[in-house]
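Structural overview for review
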Amino acid sequence: MSSSATGNNLPMIDVYLPMMKSAAIISAGQLGLFEALADGPLSTDDLAGRLAVSVRGVATLADFLVSIDYLERDGASYSNSASTQRWFTSRGAVDYTPGLLWTAEAWPMMGDLGSALRRGGPQTTLWEAMQSRPQLGQTFAAYMAAFACDLGPDLLRLVPLRPDQQRLLDLGGSHGLHSIRFCEHYPQLRAQIVDFPSALADTPARLAAHGLSERIALTPGSVLDHQWAPAQDVVFYLSVAHNQTADDNRRVIRRIRDSLNPGGLLVIHEYLDDQPPSPYLAAFKLTLMYETGTSIHREADYRAWLAEAGFSEVKRIDLDPLEKGALLLASV
Ligand SMILES: Nc1ncnc2c1ncn2[C@@H]1O[C@H](CSCC[C@H]([NH3+])C(=O)O)[C@@H](O)[C@H]1O
């Protein structure tokens, strides 16, 4: 039986090593180290030259990353581990480097977590902070875009649309990637995205690059009071509900129901407050305490709001891995 939460480790190891692990992985993302190794092994001299970093710095970082299995070392050359190549380079399945850049922004926030816990919420919400620091909004949207690349194939597979479903409303649609994926897959579809201006900065260029500026409309505003178009066939409410209070979600879900055609579908992507919460969910609740002052909600809460709004059938689909969250598919 262990005598403390850290078992037989020296107690500070449990605090110090995760901090240095995060710091090193974030630094590698900021410096472009993983991307520099995406095409094959390099020596520290080559890396230092490419990244414009001191040889001493890159060698110290690379050796630590080898010790935590993010890099591999063969004599004088370093390469990405298979998992690093997969998740943190443009050659992999999904490049989560924007998540590292976002974590650099979240770092000082979490250093100040105690003050949010004392208050029971943020001094300034993330959305307010993004108004005064637009770069913060762009960095967050880029991270959400990386996650959308990961979730997108699941969504397309698990949410089949019928030919008569022609209008998609993407609430909190941000980067636009989910609307883009569905419009590319379903030629009959047109979409409307509602989000704060801070989340939409890079979206027009992305729509244009996909040739979808005509079929996907960007309409800035808050989901709490935006007058989006009526007669929708499908509504996406993806990773937005944990940013709203229970009362606001109840109201938004009612407004969504009122704007759906017969046979319409609401797709919610969320992290459901299952009990007891996993470490991941419990950590996410702490993050929300600092960032937005809101929390995740229980499946039973969603079912109550959906039933109250007049949705007749609700299906829960747990994603794999579980840290990807869950879908709630609600039909009219
Ligand atoms: N009240 C609100 N009105 C409009 N957008 C909101 C509101 N609260 C949060 N958001 C947006 O919700 C998004 C959450 S991140 C999720 C983005 C996207 N739906 C995806 O699944 O990848 C951010 O872009 C926020 O700006």
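Quick look at the structure, then. (Residues numbered from 1 in each chain as written. Predicted model: local features only at pLDDT ≥ 70, side-chain atom pairs only at ≥ 80, totals over all residues. Heavy atoms only, no water.)

1. Notes on the sheet that holds strand β3 (residues 77-80)
Convention followed: Between any two strands, at least two bridges found by DSSP are needed for them to pair. Going along the chain from the N terminus, every DSSP run of H or I of four or more residues is numbered as a helix, and every run of E of two or more is numbered as a strand. Note on contacts: a residue pair qualifies if any of its non-hydrogen atoms lie within 4.5 Å across the two residues. Angles here are taken between N-to-C directions and fall from 0 to 180 degrees, while the axes themselves are lines fitted to C-alpha atoms, restricted in helices to the stretch in contact.
Read from one edge to the other, the open sheet built from 3 strands follows the order β1-β3-β2, with strand pairing classed as antiparallel. Looking at which strands have only one partner, the edges of the open sheet turn out to be β1 (42-43) and β2 (71-74). Bridge analysis of β2 against β3 gives 4 bridges, and the strand direction is antiparallel. Bridged to L71 within β3 is N80. Most of the contacts of helix α4 (residues 55-67) go to β2, to which it runs at about 105°, and overall it touches β2 and β3.

2. What about α4?
Just so we agree on the cut-off: One less than the residue count of a helix, multiplied by 1.5 Å, gives the span that helix is expected to have. Any residue under 20% of the maximum accessible area for its type is buried, any over 50% is exposed, and the rest in between are partly exposed; the area is computed with a 1.4 Å probe on protein chains only. As used here, the arc belongs to the directions running from the helix axis to the C-beta atoms.
The terminal C-alpha atoms of α4, which comprises 13 residues, lie 18 Å apart, in line with the 18 Å expected from a rise of 1.5 Å per residue. Regarding α4, the residues found buried are V58, L61, A62 and L65. One side of α4 carries all its buried residues, which in axial view fall inside an arc of 100°. Residues of α4 that are exposed and point more than 90 degrees away from the buried face comprise R56, T60 and S67. Along its buried surface, α4 packs onto α1 (13-31), α2 (33-36), α3 (44-51), β2 and β3. Following α4 by one or two positions, D69 has its phi on the positive side, about 70°.

3. Digging into the site of the ligand
Selection rule: To be near a molecule or strand, a residue needs just one of its heavy atoms within 4 Å of it. Polar contacts here mean pairs of N or O atoms no more than 3.5 Å apart (in protein, one a potential hydrogen donor and the other a potential acceptor; neighbouring residues in sequence count only if both atoms are side-chain atoms). For this classification, the nonpolar set comprises Ala, Val, Leu, Ile, Met, Phe, Trp, Tyr, Cys and Pro, the charged set comprises Asp, Glu, Lys and Arg, and every other residue, Gly included, is treated as polar.
By nearness alone, 18 residues border the ligand, and G172, H175, D195, V223 and L238 come closest of all. Take D195: an N or O atom from its side chain is 2.7 Å from an oxygen atom of the ligand. Per-class residue counts for the shell around the ligand are 8 nonpolar, 9 polar and 1 charged.

4. Side note on the side chain of T139
Position of T139 among the secondary structure elements: in helix α9 (residues 134-158). Residue classification places T139 among the buried positions, given a relative accessible area of 12%.

5. Observations regarding the nonpolar core
Most often, soluble globular proteins keep nonpolar side chains buried together rather than apart. Heads up, the rule is: Here the nonpolar core consists of buried residues drawn from Ala, Val, Leu, Ile, Met, Phe, Trp, Tyr and Cys, with membership extended through side-chain atoms lying within 4.5 Å.
Core analysis: the largest hydrophobic core is formed by 57 residues, its most contacted members being L33, L65, V159, F182 and V267. Sorting elements by how many residues they give to this core places α9 first, with 6 residues. In this structure V267 touches L155, V159, V234, V235, F236, Y237, L238, L328 and L329, once residues within four positions along its chain are discounted. In terms of nonpolar packing, the next biggest core, distinct from the first, is built from 25 residues, V223, W228, A309 and A330 among them.

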